[in-house]
Amino acid sequence: MKQFLCLFLIVIFSCEKDDICADTVQTTPRLVIEFYDLTAPDNVLAVAGLFARGLDSGNAEGVPINNEVVFTRSKISLPLKTDGSNETEFILFKNYDVVDGVESGNRDTIKITYNTENVYVSRACGYKTNFEILTFSITEDSDQWMRNSDIIIYNITNENEIHVKIFH
Amino acid sequence: MKMKSMLKYFISLVGCMIMCMNLHAQQDSIPTIDSFVIKKKYGIRFGVDLSKITRTLLESDYSGFELNGDYRISNKLYIAGEVGTEERTSITDYLNSTAEGNYLKIGSDYNMHNNWGDMDNLVYFGFRFGISNFKQTLNNYTIYDTNSQTWGPTEIADPKTFTGLNTGWVELMFGFKAEVLTNLFVGVNLQMKRRLYETQPDNFENIYIPGFGRTFDSGKFGIGFGYNVSYLVPLYKKVK
């Protein structure tokens, strides 16, 4: 009888974790972009002083992206809107710098349109959003540093692989 | 010859006396034996689960009611069952859903307790087969997105109901029942359950199953408890 009660208590308390969403659970994936050499399309080419901001309608300054810092790299992960608008814009800077509060660097804009699907994860985490990319475009301007793009994976379900290649 | 007939007479006299003594002894001992014959009450016991009523009154996200009963078929064995209804809202950081439905459990209880005299208390193991018909409503949820600081969390409040869900399970029970007043019993029991089958809602899961209780990510097991008050309607008495 004592063993039975023990087993019962273990079952009660060991399963409380079911209600707490662990950080390790695959969350709503971000868009993963990798930068390639325009002249040698098979070669990854890092972008000096790469920095990104979200671009919201009526906010030219842009929206800060969590954990996003300036640094030279060849890959960037960007969070897409899940609010049903089905499009997100970002400002990507090359050679970004701030001197005395004045920003410098080459500023280009990208726009992604997509469909979303909310997929059940668990009782603790609820639903995450997966995306299906419809279009990916680089807004043209006079000194565009991103020249071309290629969608590699249309269905964004995780961050393990590159979804879009950008050539520069 | 004379001796023979006298012997016959003597034997028959002794035999007669022994028989008379026997008869006498029997007459004497009848009331004595009767006081040691233990007759047990057999009948139908009806009850309610007080814990469900209490939780209905105290918890805003729960309402439930259960009728239970058993019928004694032998000294140790009872046919037992429960019928009930439950509504339960489960809330986590990201998800809010309500399950609502009815259930039926049928099985038996085996009393392990050896009662003194004519007492009928129970320390029992029970076995049940349970079925539940229910529906689940996904009330609202917040998209799970650890990168949501940029655009802000997305909440979706578009209630969606999944109907026609059903589940079957087996249940092991351990409990007590004590006769506190004549024919009035109070009891507690613990229940360990395992689902045998279930219909899962599309792009969702069964969070709570009426009669079974909450589900766990780790498997098909469940737990429960009951606090019962029941009344025995005695139908007849029987020696054990």
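Not measured: the values here are computed from a predicted model.

## A word on the overall build of chain A
In step 1: Counting its regular elements, chain A contains one helix and 11 strands.
In step 2: Helices (α) and strands (β) of chain A occur, in sequence order from the N terminus, as α-β-β-β-β-β-β-β-β-β-β-β.
In step 3: For chain A, the C-alpha radius of gyration of 21 Å lies well beyond 15 Å, the compact-globule estimate for 168 residues.
In step 4: A principal-axis box enclosing the C-alpha atoms of chain A has dimensions of 80 × 40 × 35 Å.
In step 5: Counting every position in chain A, which comprises 168 residues, the buried fraction comes to 43%.

## Some remarks on the pattern of salt bridges
Residues and elements named next belong to chain B.
In step 1: This model, assessed by the stated rule, comprises 23 salt bridges over all chains.
In step 2: For R195, the salt bridge goes to E198, with nearest N and O atoms at 2.7 Å.
In step 3: Overall, the relative accessible area of 6% leaves R195 in the buried class.
In step 4: One network of salt bridges, with partners in common, ties together R45, D70, E82, D109, R128 and K177.

## With respect to unusual backbone geometry
In step 1: Non-glycine residue A:N67 carries a positive phi angle of around 65°.
In step 2: Relative to the helices and strands, A:N67 is located in the loop between strand 3 (59-64) and strand 4 (71-73).
In step 3: Residue B:N183 is not a glycine yet carries a positive backbone phi of 70°.
In step 4: Tracing the sequence through the fold places B:N183 in the loop between strand 7 (160-181) and strand 8 (184-198).
In step 5: The class of B:N183 is buried, set by a relative accessible area of 9%.

## Examining the state of the cysteines
One way to say it: the disulfide is the covalent bond shared by the sulfur atoms of two cysteines.
Residues and elements named next belong to chain A.
In step 1: The final tally for this structure, using the stated rule, is one disulfide over all chains.
In step 2: Through a disulfide, C21 is tied to C125; the S-S separation comes to 2.0 Å. Disulfide C21-C125: torsion about the S-S bond near 105°, hence right-handed. Here C125 lies in the loop between strand 7 (102-122) and strand 8 (126-138) and C21 lies in the loop between helix 1 (2-14) and strand 1 (31-36), a separation of 104 residues in the sequence.

## What to know about the sheet that holds strand 5 (residues 75-78) of chain A
Residue and element names in this part refer to chain A.
In step 1: Strand order in the open sheet made by the four strands is 5-1-11-9, with mixed pairing throughout. The two strands at the open ends of the sheet, each matched to only one other strand, are strand 5 and strand 9 (148-151). Each adjacent strand pair in this sheet contributes to an overall mean axis angle of 25°, direction not counted.
In step 2: Here strand 9 runs beside strand 11 (residues 164-167); their pairing, made up of four bridges, is antiparallel. Bridge pairing in strand 11 places S149 opposite I166.

## Topic: a nonpolar patch on the surface
Residues and elements named next belong to chain B.
In step 1: A cluster of nonpolar side chains, namely F46, Y71, I73, L77, I79, Y110, M112, F125, Y231, V233, L235 and Y236, defines an oily patch on the protein surface of about 1,100 Å² accessible area.
In step 2: Those elements that place two or more of their residues in the nonpolar patch are strand 3 (77-91) and strand 11 (221-239).
In step 3: The element that contributes the greatest number of residues to the nonpolar patch is strand 11, accounting for four residues.

Cut-off values and rules
- Residues numbered from 1 in each chain as written.
- Chains lettered and ligands numbered in written order.
- Predicted model: local features only at pLDDT ≥ 70, side-chain atom pairs only at ≥ 80, totals over all residues.
- Heavy atoms only, no water.
- Helix = DSSP H or I, 4+ residues; strand = E, 2+ residues; numbered from the N terminus.
- Rg over C-alpha atoms; globule rule 2.2 N^0.38 Å.
- Buried < 20%, exposed > 50% of the residue type's maximum accessible area, 1.4 Å probe, protein only.
- Salt bridge = Lys/Arg side-chain N within 4 Å of Asp/Glu carboxyl O.
- Disulfide = S-S within 2.5 Å.
- Pairing = 2+ DSSP bridges.
- Axes fitted to C-alpha atoms, helices over the stretch in contact; angles between N-to-C directions.
- Patch = residues over 30% accessible without salt bridge, like charges linked within 9 Å, V, L, I, M, F, W, Y side chains within 5 Å.
- Areas by Shrake-Rupley, 256 points an atom, 1.4 Å probe, with all protein chains shown as cover.

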